[in-house]
Amino acid sequence: MKRKVGALEKVDADLPNLQHKIKVDPISYQEDFVNQYGLYTSIHELFLTSPTTTDDTGLVRLRDLIDFISHTADCYPKIAGSFPNDLIKLLQLHHATLDPELRDKIVGSLVLLRKKDMIDSNTLLNTLWPLLVSTPSKSLRALLYQKIVSDLRNSNSKTTNHKLNRSMQTTCYNLIASDPASPKGIWAVKLTRELWKRQVWSDAKAVSIMEIAALSQEAKVVTGGVRFFLGGDQEREEAADEESDQEEKNISMGKLRHQAGINKKTAKRDNDLRAAAKKVKRNEKKKGAPHPLNFSALHLLHDPQGFAEKLFQQHLQPSQPKVRLNLEQKLFVLQLVSRLVGLHKLTLIPLYSYFLKFLTPRQPSVTSFLASLAQATHNLVPPDVLEPLVQKIANEFVSEAAAAQVASAGLNGIREVCVRQPLAMNETLLQDLVQYRKSKDKGVQMAARGLLSLYREVGAEMLRKRDRGRDAAMKVRSGEMDGARRFGHVEEGGIEGLELLEKWKEEQGQEGSEDEAAGWDNWDARSDSSESSGGWVNVESEGEEIDISDSEDEREKGAEKKRKMENARVKKAVGKENVDEDDKPAEKTPAKLEASQRATASLEPAAALKREEARVSTLATTRILTPADLAKLQELRQSAAVTASLPSAKRRKLQQDAAAKTAARHADDAVTAVDIEGLAKLSHKATKEEKVRMAKGLGLPNGATEDAGANDHRSTTARRKEKKAAEGKSTTNREKARKKNFLMTLGKAKRKGKRSLGETAKVLKAHVERGKRGGRRGNK
Amino acid sequence: MGSSTKKKKEKAKDFQKTKLKVGKARPKNTNATDTSFAAKSIVFKQQSVSETRDATALFNHNLSLLSSKTEPQRRDALQYLTTACQVAGEELPQPASAVISKAQPLILDGSNGVRQQLLKLFKALQGDIGPLEQLLLYTRAGMTHLSTEIRLSALAVLDWLLRTQTDAVLTCPGGWIKTTKTFQNLLSWQGGLSSTGATMNGKWSATKAATSLGNNKLLVQQLNSLATFLTAGLTPEPVDPDAAGRRAADLFPLWHTDAHVLPKGSNPFGYLNLFGAPRDAESEVYDDAESRYEIFGELGLLADFQAGVKEAKKEGGEVGRAAALVDKALRLADDR
């Protein structure tokens, strides 16, 4: 006879159900838990005797029991106190032989126990990390890595958990430092990079992990470390942007409120609305919050000079290095070294001679070498070290016999070097290279022109007289050019558009101290409360008055007096303006134009210019600009930009914009091979096949990297059609109307002429109404 | 003619200008490994294609079938092994311990038929069945199993063990305390828990009825097994003062004969635990009734059991009678 199974018994055999019941009422179900725990202990013991067998025997699996107990263990900490340690031991001893599913379950259970605070983060990480480093299983590694990262992120989510971070960073550091030749260090690199990207770790300690990774003796670890320095910060920025993008895609409150008005009112919907409002508020707050100030990894380096030297000596210089890197990896290291040299203005003389043997057109990835060379150049590199390099590039790349692409890459490379150290060029070579602007090839032509325009600004006297151009020739004549041509010369900083403000003040007659005090009084014009600004006035205006009275006396005679005394300084300032010109082209043009006009008009143009410069410098050095001043400055800059776009100035502005684009790059940005190759692209002539492909919109053959948009030769209609298709639409209404059969339109046209006034009004009204509703069917 | 055009082409090739591209990436190595292949597996429908086999091979084959995935195959294999054991007696192709070690996981088998057949096999086995540690582990796991059926058959296995290998069960590591504790858990005879209601963290909660519906049969079986187990464990060996003298007289010129003859059981020094993990109080070996009694009282099991039995006796009927047997076994301990 079949035994009847009681309802209760049936239910208890179901682990998920029991789990739920235990969570609701732990005390009542303690007995059941004890029974299950007993079963777990016996199966666990059985399992320990032969850990390699799968646990598929019988009805209950160890996996299910572990899952059940890890979910409910926090209700009975006394009974299940040893459970986490059991799991940890099981994992540590048998991770290599365990059944994959059981193994993953154990890892998951440990993380769950961490969430329930049965174990602390340190224990968890100390268990998982050694496994990650040592396990041969790929899937386990992926799982462990993900769990480790998420645990670190979670424990840093509210406040930075310095203690945990420090211990983990030390573990990572030691992993690489203890055995630089082992490939295990890659995990330390991977973890650090991920946490850096997520802005969990952003301190010098994380950078020092990468530093030691870059200096290790394993190719993958080295590359990982080096690539972090080259791209880690960019990655971090992108991740931050993405995050904020996702936040911006949020709920529109108006729509929600509208929906709440229409739909049936329930408590749940009310709560939803409230939650949405809260979220919107939080996002607003986040938007208003200041951007977290994070230093880039390259700036957090403890000893850049030492690091660059070690990198170079260990990986690049020796003919038999400890770790064999292939060309690509070597290029990464070289990029990092040159980046460090360029950014921190380090002195690493052997680096330049190292470049010498790679600078031939047949060298693979030679443009990357050229880019690295340009990067490693800065104004404190001795010109005699660079001169042979420039000479070699000119000899190898730039000749009539060389292919157009090669020549333009060479010229571009030379130009990039000379932008950073103009003294690396000698006169004969420059005059020779500039000749290539007459080349038939567009790429070579442009590259040569770039070089020419560069030297018009930084060293016009080296050019032949007819190459100098009007502005440069005038400057050479007035003798302003030699200031920049000295080695080790450093430019002064300036404030953009300051001369505009100066002039404006003079016109207004607003030089007195009272005006200035007034400026501080309403420094925050928009805010109504004067409490805070009152504080400002009391403190600042006193000091200001003394200062100003001093400077005012001087300013009257300053022009004559300082002309003699500070001659050298003024010259420098002029030089600076020339060099810095591309940084602020639009704003400065009127002043410069004015200056140049005056120069042509007056007999002593230099003197006028000097007077101007002297006045500007006094304004910046003798006064504290009030917020009102700054606001005015901004306004003046904008108006100057408007005048600059007048037709006469337009052409010049365009030219300068192009130049600015290359020079206005941030100092932290890298020079890449693409920058060098840029103009070489112009030299490439498309074959017939390529042209056909482009006309068909198939892009370039054999996976060329240029983006499809630039080489899309299809008709406008074809492009528009593709765009429509991408949006999931077929044709526009206009297109439909245009394609409609002529005979079908006839009847309507006939009828339309005979409509009565009332009918017409009705049709028009209906049209307006339809527009409001959003189409015939209504755009709901 | 053909050759001349060919030659012409070859000559022309010599003067062709190689196209030079700046900054070209490195070509792929000639010795690069192509990893774009997919692995495939071959599936056989039959496990074995050979036809004729002798008895030994068949026995081994059936032994291996015990871990088969399909239920009838396991049951049939067990059946074959049972008949083989009954026929062959002690002259099996494999020792009984090997059969046991293969068959013991089936205590936890989900199918009723398999478990019944397994018990038959156990009963048919003759000769030394080796160390019982593993077998006891499986039995205990079966006793705590979710399914009542499995619990029942595990108890049957325990009964069989107690009948045939009493001493071996009691003296194997963990055989005494762990098993009693398992019984304690099963019967919910934890002394600390009151049966009417409990409060924890200031929350009040009612416990459910101690006896599950329709479980009386299991409970009776459990109590019976427990009674057998306790009786076996707590009964002191019959001390025969003359036995030693008689034995010594038989073997007269020899002294300490037992120390010099070859041991009869396997792993004779196992109780020393020279190579295993260190044991705690639960998995220690208690090899005489005296020490078993001591640890039984020390862990507070005696008091818990007495209280539990008292409750169980009140139920009357079959359960009460079974509880009375347990009570009788506990008296053995009380008498000291």
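The numbers attached to residues start from 1 for each chain and follow its sequence in the written order. Note on labels: chains are lettered from A, ligands numbered from 1, in written order. Where local features are concerned, this predicted model is filtered to residues with pLDDT of at least 70; where side-chain atom pairs are given and counted, the filter is 80 or more; whole-chain, interface and lining totals use all residues. As a convention, hydrogens and water are excluded, and side-chain values are obtained from all of the structure's heavy atoms.

Engineer: I would appreciate a short explanation of the overall build of chain A in the present structure.
Structural biologist: A run of H or I in DSSP becomes a helix once it reaches four residues, and a run of E becomes a strand once it reaches two; helices and strands are each numbered from the N terminus. A count of helical and extended segments in chain A gives 38 helices and 0 strands. Exposure is judged per residue with a 1.4 Å probe applied to protein chains only, and the accessible area is read against the type maximum: over 50% gives exposed, under 20% gives buried, and values in between give partly exposed. With 780 residues in all, chain A has 42% of them scored as buried. Within chain A, counting contacts between residues at least 6 apart in sequence, those at least 24 apart form 70% of the total. Only carbon and sulfur atoms are counted for the fraction: they give 52% of the accessible area of chain A, which is about 44,100 Å². Throughout, a contact is declared for two residues whenever any of their heavy atoms are within 4.5 Å. Only the protein chains shown count as cover for residues, with accessible areas throughout obtained via the Shrake-Rupley method and a probe of 1.4 Å.

Engineer: Would you mind going over the overall build of chain B with me for this structure?
Structural biologist: Scanning chain B for helices and strands turns up 15 helices and 2 strands. The long-range fraction of contacts in chain B, counting pairs at least 24 apart against all pairs at least 6 apart in sequence, stands at 75%.

Engineer: How should I be thinking about unusual backbone geometry in this particular structure?
Structural biologist: Excluding glycine, a negative phi dihedral is what most residues carry, and trans is how most peptide bonds are arranged. Residues and elements named next belong to chain A. Phi angles above zero are rare outside glycine, and aspartate 117 is one such case at about 65°. With respect to the helices, strands and loops of the structure, aspartate 117 is situated in the loop between helix 6 (100-115) and helix 7 (121-134). Positioned with a positive phi, glutamine 199 is a non-glycine residue whose angle comes to about 60°. By secondary structure assignment, the location of glutamine 199 is in the loop between helix 10 (185-197) and helix 11 (204-214). Using a relative accessible area of 30% as the deciding quantity, one classes glutamine 199 as partly exposed.

Engineer: In this structure, what is going on with the packing of aromatic side chains? I would like to understand it.
Structural biologist: Ring pairs (aromatic) are described by centroid distance and by the angle formed between their planes. Residues and elements named next belong to chain B. Only Phe, Tyr and Trp rings take part, Trp by its six-membered ring, and two of them pair if their centres are within 6.5 Å. Stacked means planes under 30 degrees apart, edge-to-face means over 60, and tilted covers everything else. Counting across every chain of the model gives 19 aromatic pairs over all chains. For the ring pair phenylalanine 183 and phenylalanine 229, a centre distance of 6.2 Å and an interplane angle of 40° mean the geometry is tilted. Taken as a pair, phenylalanine 183 in helix 9 (residues 177-187) and phenylalanine 229 in helix 10 (residues 216-234) lie far apart in primary sequence, 46 residues in all. Comparing phenylalanine 183 with phenylalanine 229 shows no difference in burial state: the two are buried.

Engineer: Is there a simple way to think about the nonpolar core in this case?
Structural biologist: A general tendency of soluble globular proteins is for nonpolar side chains to be buried together. Residue and element names in this part refer to chain A. Within the largest apolar cluster, 221 residues are counted, with the highest numbers of intra-cluster contacts made by Trp129, Leu191 and Met425. A per-element tally of this core places helix 16 (residues 327-344) first, with 10 residues. If we skip the residues at most four places from it in the chain, leucine 191 touches Trp129, Tyr145, Ile148, Val149, Leu152, Met168, Cys172 and Trp201. Note on terminology: a nonpolar core comprises buried Ala, Val, Leu, Ile, Met, Phe, Trp, Tyr and Cys residues joined through side-chain atoms within 4.5 Å. Formed by 8 residues, the second largest nonpolar core is a distinct cluster that contains Leu500, Leu501, Trp504 and Ala640.

Engineer: Quick question: what am I supposed to make of the packing of helix 16 of chain A against helix 17 (residues 349-356) of chain A here?
Structural biologist: Describing two packed helices takes the angle between their axes plus the distance from one axis to the other. Residues and elements named next belong to chain A. Throughout, an axis means a line fitted to C-alpha atoms (over the contacting stretch in the case of helices), and angles, computed between N-to-C directions, take values from 0 to 180 degrees. The N-to-C vectors of helix 16 and helix 17 enclose an angle of 140°; their axes lie 11 Å apart at closest approach. Accordingly, the angle class assigned to the pair helix 16 and helix 17 is oblique. Here the hand of the crossing between helix 16 and helix 17 comes out left-handed. Between helix 16 and helix 17, the contacting residues are Lys330, Leu334, Val337 and Val341 on the first element and Leu351, Tyr352, Tyr354 and Phe355 on the second. Just so you know the grouping, Ala, Val, Leu, Ile, Met, Phe, Trp, Tyr, Cys and Pro go in nonpolar, Asp, Glu, Lys and Arg go in charged, and all remaining residues, Gly too, go in polar. When the residues that make up the contact of helix 16 with helix 17 are grouped by side-chain class, the tally is 7 nonpolar, no polar and 1 charged. The labels follow the angle: roughly parallel below 35 degrees, roughly antiparallel above 145, roughly perpendicular from 65 to 115, and oblique for the rest. For any helix crossing, the convention is left-handed if the near helix is rotated counterclockwise from the far helix by under a right angle, and right-handed if that rotation is clockwise.

Engineer: How do you make sense of a nonpolar patch on the surface when you look at a structure like this?
Structural biologist: Residue and element names in this part refer to chain B. Patch membership requires over 30% relative accessible area and the absence of a salt bridge. Like charges are linked within 9 Å, and nonpolar side chains (Val, Leu, Ile, Met, Phe, Trp, Tyr) within 5 Å. Any Lys or Arg side-chain nitrogen found within 4 Å of a carboxyl oxygen on Asp or Glu counts as a salt bridge. Taken together, the side chains of Phe269, Tyr271, Leu272, Leu274 and Phe275 present a nonpolar region at the surface, about 660 Å² in accessible area. With respect to the helices and strands, leucine 272 occurs in the loop between helix 12 (257-260) and helix 13 (289-298). Of the residues examined, leucine 272 reaches a relative accessible area of 44% and is grouped as partly exposed.

Engineer: I keep staring at a positive patch on the surface and nothing clicks. Help me out?
Structural biologist: Residue and element names in this part refer to chain A. Among the surface-exposed residues, Lys740, Lys748, Lys752, Arg773 and Arg776 lie close enough to one another that they form a single positively charged patch. Checked against the element boundaries, lysine 748 lands in helix 37 (residues 742-753). A relative accessible area of 62% means that lysine 748 is categorised as exposed. Asp and Glu are treated as the negative residues and Lys and Arg as the positive ones, with His and the ends of the chain left uncounted. Positions of charges follow a simple convention, taking NZ of Lys, CZ of Arg, CG of Asp or CD of Glu.

Engineer: Honestly, the environment of leucine 273 of chain A in this entry has me stumped. Any pointers?
Structural biologist: Residues and elements named next belong to chain A. Within the secondary structure layout, leucine 273 lies in helix 14 (residues 267-288). Taking the C-alpha atoms as reference, leucine 273 lies 7.0 Å from leucine 256; in sequence the two are 17 residues apart. The contacts of leucine 273, once residues within four sequence positions are left out, are Met253, Leu256, Arg257 and Ala260.

Engineer: Whenever I open this one, the packing of helix 4 (residues 62-72) of chain A against helix 6 of chain A confuses me. Can you help?
Structural biologist: All names here are of chain A. As a packed pair, helix 4 and helix 6 sit with axes 9 Å apart at the nearest point and diverge in direction by 5°. Judged by the inter-axis angle, helix 4 sits roughly parallel to helix 6. Residues Leu62, Arg63, Ile66, Asp67, Ser70 and His71 of helix 4 pack against Glu101, Leu102, Lys105, Ile106, Ser109, Leu112 and Leu113 of helix 6. Class assignment of the residues belonging to the contact of helix 4 with helix 6 gives a composition of 6 nonpolar, 3 polar and 4 charged.

Engineer: Is there a simple way to think about helix 9 of chain B in this case?
Structural biologist: Note on helix geometry: an α-helix contains 3.6 residues per turn, so any two residues three or four positions apart are oriented the same way. Within helix 9 of chain B, 9 of the 11 residues are buried, leaving the element largely enclosed by the surrounding structure. Listed as buried for helix 9 of chain B are Ile177, Lys178, Thr179, Thr180, Thr182, Phe183, Gln184, Leu186 and Leu187 of chain B. At its buried positions, helix 9 of chain B is contacted by helix 3 (30-49) of chain A together with helix 6 (133-143), helix 7 (148-164), helix 10, helix 13 and helix 14 (301-315) of chain B. Positive phi shows up at serine 188 of chain B, right after helix 9 of chain B, with a value of about 55°.

Engineer: What's the story with the pattern of salt bridges in this structure? I'm lost.
Structural biologist: Residue and element names in this part refer to chain A. Inspection of every chain in the model, using the stated rule, returns 25 salt bridges over all chains. Here aspartate 104 and arginine 103 are joined by a salt bridge, their closest N and O atoms 3.7 Å apart. Residue classification places arginine 103 among the buried positions, given a relative accessible area of 5%. Taking the shortest distance from any N to any O, the salt bridge between glutamate 235 and arginine 193 comes out at 3.2 Å. On the criterion of sequence distance, the pair formed by glutamate 235 in helix 12 (residues 219-248) and arginine 193 in helix 10 is long-range, its members being 42 residues apart. Among the charged side chains, a salt-bridge network with shared partners connects Arg114, Asp117 and Asp151.

Engineer: Got a minute to help me understand the environment of phenylalanine 68 of chain A in this structure?
Structural biologist: All names here are of chain A. Relative to the helices and strands, phenylalanine 68 is located in helix 4. With a relative accessible area of 1%, phenylalanine 68 lands in the buried category. The spatial distance from the C-alpha of phenylalanine 68 to the C-alpha of glutamine 36 is 8.8 Å, given a sequence separation of 32 residues. For phenylalanine 68, the contacting residues outside a window of four places in its chain are Leu15, Leu18, Gln19, Ile22, Phe33 and Gln36.

Engineer: Any chance you could explain a negative patch on the surface here in plain terms?
Structural biologist: Residues Glu237, Glu238, Asp241, Glu242, Glu243 and Asp245 of chain A make up a contiguous surface patch of negative charge. With respect to the helices and strands, the residue aspartate 245 of chain A is situated in helix 12.

Engineer: Help me out: how do you make sense of helix 8 (residues 138-155) of chain A in this one?
Structural biologist: All names here are of chain A. Relative to the 26 Å expected for 18 residues at 1.5 Å per residue, helix 8 spans 26 Å between its end C-alpha atoms, a close match to the ideal helical length. Considered for burial, the residues of helix 8 that qualify are Leu140, Leu143, Leu144, Tyr145, Lys147, Ile148, Val149, Asp151, Leu152 and Ser155. Considering only its buried residues, helix 8 is in contact with helix 6, helix 7, helix 9 (162-178) and helix 10. Take the number of residues in a helix, subtract one, and multiply by 1.5 Å to get its expected span.

Engineer: Got a minute to help me understand the confidence of the model for chain B in this structure?
Structural biologist: Fine structural detail should not be taken from predicted coordinates in areas where pLDDT scores are low. Residues and elements named next belong to chain B. Scored from 0 to 100, pLDDT reflects the predictor's confidence in each residue. On average, residues of chain B score 79 in pLDDT, and 85% of them are at 70 or above. Mean pLDDT per element in chain B: strand 1 (residues 198-200) is the minimum at 48, and helix 5 (residues 112-124) is the maximum at 91. Predicted confidence for residues 193-200 stays below pLDDT 50, and this span has 13 contacts to residues more than four positions away or in other chains. The ipTM, which scores confidence in the relative placement of chains, is 0.70 for this predicted complex, and the corresponding pTM is 0.68.

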